[in-house]
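Structure assessment
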Amino acid sequence: MTSVTRHLLRVCLAAFCSVGLASCVVDNSYDFSEDNVDWTVNVLKGADLPLGSSQRISVGDLISSFAKGILDVSDDGYIVNVPAGITVTGQKFGFVPVHGISKMDTDKIRINSAEYHLDLKNDLPVALGITAEAVDADDNRVEGVLVECSGSVAAGTEQNPSTTSLTMKVTPAGGVINFDGFRIILTIEQFPENGTPIGSSRGVTILNSYLSFPEGITHID
Amino acid sequence: MKKIILSIATAVAICLTAQAQTLQTGYFVDNYAYAYRLNPAFCPDYTFIGLPGLSMDYASAQSNFGLKSFFYPLNGKTVTFMHPEIQASEVLSGFKQGINKLNAEIDVNLLAFSFKSRGTYGLIDVNLRNTIDATLPYEMMKFFKMGAEGGQSYDLSGFNTRATSFLEIGIASPWRVGRTVTFGMRTKALVGVTDLYMNVDRLNVKLDRNQWQVSGQACVAGAYDGFNIAAKPSAAGNYEEVIDFPNITLNKPKGPNGVGFGVDFGVNIDLGKWEISASIVDLGCIFWWHNLYGHTPETSWTYDGSEATVTDGSDTFGKTLENAANGFLEMFQFRKEYENQELGLLPITGRVGVKRLMSSDLSFGGLLTYRYNEFCPIFEARASADYLLRDKFDFTASVGVNNFGPVFGAMTNLRFSHLVLFAGVDAYAGKLSKQFIPLGRMNCSALFGANLKF
């Protein structure tokens with residue numbers, strides 16, 4: 001081998017090693033020091049959480065919240081008997097099917113939006129309108145939480161109850177959870193005529209309810 | 001918990017893997033003291049004694065993914081792949097479809113010396129060998145990142161991980177037959193330090209609005225007599241006792257946790273300008289005594305929300321989530337089994353090499369290597385060039401390809417009067433974090449050592 005070749009080979013080997021070592025560059029944007037790693041994670045995106053068992057609101061629960069004296073008690077339950085001068089339509093009944101949200105570590109949890117899906121099966125001869133609002137642990141309304149829910153539930157019969165699917169979209173301001181649950185408000189839109197019997201077992205049933213989180217739940221580090 | 005995750009991730013990333021127990025590039029380095037680890041027919045023309053802790057330290061790693069598949073820079077911070085502002089497409093592009101693999105190894109030579117006696121050359125060494133292997137299904141990463149957005153059904157089977165550490169006490173000797181052929185053999189006693197593994201053979205997840213269903217089967221085992229295994233009654237009532245992982249404590253080990261035996265064979269045929277060599281390394285096994293063993297039953301967990309109490313509207317959401325989480329965790333209750341013993345094979349490695357001497361100071365070589373590993377077999381083809389300067393200083397460069405991608409390495413072996421120094425890499429680590437941790441897909445290894453020469 002000539003000396004020129006030898007020198008060339010030495011240069012090539014040195015360059016090979018140098019380039020290789022130089023390729024091991026440090027990227028300071030990846031800093032794994034303890035106070036620089038942010039462990040914020042987002043989970044359950046797009047997942048539907050089953051809420052399972054049904055909730056029954058009987059006619060007694062409903063009517064006891066409305067104007068008193070609009071039903072007479074009978075052997076089988078009740079008979080409609082609205083006194084003159086009493087307006088039943090527009091009366092409201094509220095119930096809280098989902099509660100305890102603020103039991104989560106709300107300093108650490110962000111929920112940009114959640115959807116509460118439910119089916120309402122109605123075997124009362126009463127047409128109902130539906131709205132909803134966010135409430136705190138004492139069931140007082142909480143401002144700043146957008147609750148989008150509107151719809152109506154048709155009157156039904158024992159043999160042929162009406163079923164309506166509803167979606168309630170809850171958007172807390174800035175994803176901050178400052179409410180404990182939400183209240184569904186049923187408003188009477190149409191009431192049967194006087195003399196209509198209503199069995200005591202009839203009512204409104206919530207079925208097939210589930211929660212979904214379109215943007216997931218974010219746990220803040 | 002965060003510290004544990006980061007420490008494990010860092011340790012895995014730092015562990016650079018050994019396809020062999022030393023650099024592949026070192027196979028053709030003249031007078032490399034530890035070439036016998038690659039082929040026991042090789043030995044230097046000097047005797048040496050290793051400097052404690054510095055004689056030969058080696059680490060390597062190969063994987064389909066890197067640390068930057070799990071962590072991302074964002075607004076001056078380092079965030080995980082599950083951060084809401086990291087796009088799913090970016091995360092999933094960092095993983096291979098199917099099963100992703102990781103193999104990592106650290107070898108530390110604790111004692112090494114060689115001797116000549118009556119024409120016989122012998123080498124004795126004690127090494128601490130540590131390996132980590134893992135397989136990670138792509139579907140698992142997709143599930144963690146996309147949740148139910150990626151679909152309602154997931155097959156997360158195939159997650160496995162194993163960490164093993166053992167002492168290797170070896171004695172090697174080459175012997176020449178005739179003028180051209182040299183055989184070599186290295187026998188080694190193996191003392192198991194610890195062996196831990198978890199295999200998830202089957203894990204299927206189905207999420208829909210009416211029901212969440214998880215079915216799977218997994219097993220876990222550990223050989224470490226310092227474990228104080230805690231157990232508790234099964235809350236689900238499936239069986240008597242389950243392993244209570246959070247309450248397992250660690251004590252000082254009382255003794256070995258396995259014994260084994262291994263042997264290496266090698267041959268080198270010197271045909272003047274050509275040399276042909278072959279070796280089989282790590283033929284052997286370790287018999288582990290697992291004092292921690294458990295497996296999940298073949299059952300499934302179903303959650304339909306019916307455990308949520310929806311009556312007076314109190315605590316329903318919190319209770320629902322709590323019930324869902326507890327039920328899910330209950331599914332991974334590992335039934336405490338009796339201690340068991342298990343035979344673990346060493347990662348058998350076969351090599352075939354050819355070397356061409358161009359002149360007294362230059363040679364070229366080619367090497368084929370196959371390493372068998374339960375989770376991560378490796379096949380590699382490599383070519384090298386070696387330049388010897390003044391009969392004392394070796395500079396070797398190599399290029400090749402293995403099943404993790406292209407590799408290239410360099411090594412230098414400096415032989416002074418009474419000191420031998422060597423250092424090299426089998427592939428370059430590429431981008432490093434601020435803490436010098438390799439970030440990209442790992443296909444790299446590094447070595448350095450210092451020995452006294454006689």
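Just so it is clear, the model here is predicted, and its values are computed rather than measured. Every residue gets a number counted from 1 within its own chain, in the order that chain's sequence is written. Chain labels run from A onward and ligand labels from 1 onward, assigned in the order the entries are written. For this predicted model, a pLDDT threshold of at least 70 governs which residues receive local features, and a threshold of 80 or more governs which side-chain atom pairs are given and counted, while totals over whole chains, interfaces and linings are taken from all residues.

1. Concerning the overall build of chain A
- What chain A contains, in helices and strands, is two helices and 17 strands.
- Buried residues are those with 20 or more other C-beta atoms within 10 Å of their own C-beta, exposed residues have 12 or fewer, and partly exposed residues lie in between; C-beta atoms are placed from the backbone. Out of the 221 residues belonging to chain A, those deemed buried represent 28%.
- Within chain A, counting contacts between residues at least 6 apart in sequence, those at least 24 apart form 81% of the total. A run of DSSP states H or I qualifies as a helix once it reaches four residues; a run of E qualifies as a strand once it reaches two. Both are numbered from the N-terminal end. With C-beta atoms placed from the backbone, a contact is any residue pair whose C-beta atoms sit within 7 Å.

2. Regarding the overall build of chain B
- Along chain B, the regular secondary structure elements total four helices and 27 strands.
- Counting all 454 residues of chain B, 45% fall into the buried class.
- The contacts of chain B with a sequence gap of at least 6 include a subset with a gap of at least 24, amounting to 67%.

3. Describing the sheet that holds strand E17 (residues 217-219) of chain A
Residue and element names in this part refer to chain A.
- If you walk across this open sheet you meet the three strands as E2-E17-E8, and the pairing is antiparallel. Sheet topology places strand E2 (41-43) and strand E8 (109-110) at the edges, where each strand pairs with a single neighbour.
- When DSSP finds at least two bridges between two strands, those strands are taken to pair. In terms of strand pairing, E8 meets E17 through two bridges, oriented antiparallel. Within E17, the residue paired with Arg110 across the bridge is Thr218.

4. Thoughts on unusual backbone geometry
All names here are of chain B.
- Positive phi is not limited to glycine here, since Arg118 has a value of about 50°.
- Mapping Arg118 onto the fold places it in the loop between strand E5 (99-117) and strand E6 (120-137).
- Within the chain, Arg390 stands out as a residue other than glycine whose phi angle is a positive 50°.
- Along the chain, Arg390 turns up in the loop between strand E23 (378-389) and strand E24 (393-402).
- On the basis of neighbour count, Arg390 is assigned to the exposed category, with 7 C-beta atoms found within 10 Å.

5. With respect to helix H3 (residues 138-146) of chain B
Residues and elements named next belong to chain B.
- Residues of H3 that are buried include every one of Glu139, Met140, Met141, Lys142 and Lys145, and no others.
- Buried residues in H3 make contact with helix H2 (88-92), E6, strand E7 (153-155) and strand E8 (159-177).
- Looking at the residues trailing H3, positive phi occurs at Gly147, about 60°.

6. A look at the pairing of strand E14 (residues 181-190) of chain A
All names here are of chain A.
- Bridge analysis of strand E7 (residues 92-98) against E14 gives five bridges, and the strand direction is antiparallel. Across the sheet, Gly94 pairs through a bridge with Ile185, a residue of E14.
- For strand E10 (residues 127-135) and E14, the ladder comprises nine bridges, and the chain directions are antiparallel. Across the sheet, residue Gly129 finds its bridge partner in E14, namely Thr187.

7. As for the sheet that holds strand E12 (residues 151-153) of chain A
All names here are of chain A.
- Strand order in this open sheet of four strands is E7-E14-E10-E12, and the pairing throughout is antiparallel. With partners counted over all chains shown, the strands left at the sheet margins are E7 and E12, one partner each. Neighbour to neighbour, the strand axes of the sheet diverge by 35° on average, direction disregarded. What counts as an axis is a line fitted to C-alpha atoms, over the stretch in contact for a helix, and the angles between N-to-C directions run from 0 to 180 degrees.

8. Observations regarding the pairing of strand E17 (residues 292-295) of chain B
Residues and elements named next belong to chain B.
- Direction of pairing for strand E10 (residues 212-223) relative to E17: antiparallel, over a ladder of four bridges. When the sheet's bridge partners are listed, Ala221 is paired in E17 with Tyr293.
- Of the pairings in the sheet, the one linking E17 to strand E19 (residues 335-336) comprises two bridges and is antiparallel in character. What sits directly across from His295, in E19, is Arg335.

9. Things to note about the environment of Phe71 of chain B
- Among the secondary structure elements, Phe71 of chain B is positioned in strand E3 (residues 71-74).
- A sequence separation of 20 residues divides Phe71 of chain B from Val91 of chain B, and the C-alpha atoms of the two residues are 9.2 Å apart.
- Setting aside chain neighbours within four positions, we find Phe71 of chain B in contact with Tyr30 of chain A together with Thr78, Val79 and Thr80 of chain B.

10. Points about the environment of Asn39 of chain B
- Turning to its location among the elements, Asn39 of chain B is positioned in the loop between helix H1 (2-14) and strand E1 (48-50).
- Sequence-wise, Asn39 of chain B and Gly266 of chain B are 227 residues apart; in three dimensions their C-alpha atoms are separated by 5.1 Å.

11. Some points on the confidence of the model for chain B
All names here are of chain B.
- pLDDT expresses, on a scale from 0 to 100, how confident the predictor is about each individual residue. Confidence in the prediction for chain B averages 84 pLDDT; 87% of positions are at 70 or higher.
- By mean pLDDT, the top-scoring element of chain B is strand E15 (residues 258-270) (97), and the lowest-scoring one is H1 (43).
- Residue range residues 308-314 is modelled with pLDDT below 50. Its contacts to residues more than four positions away, or to other chains, number 21 contacts.

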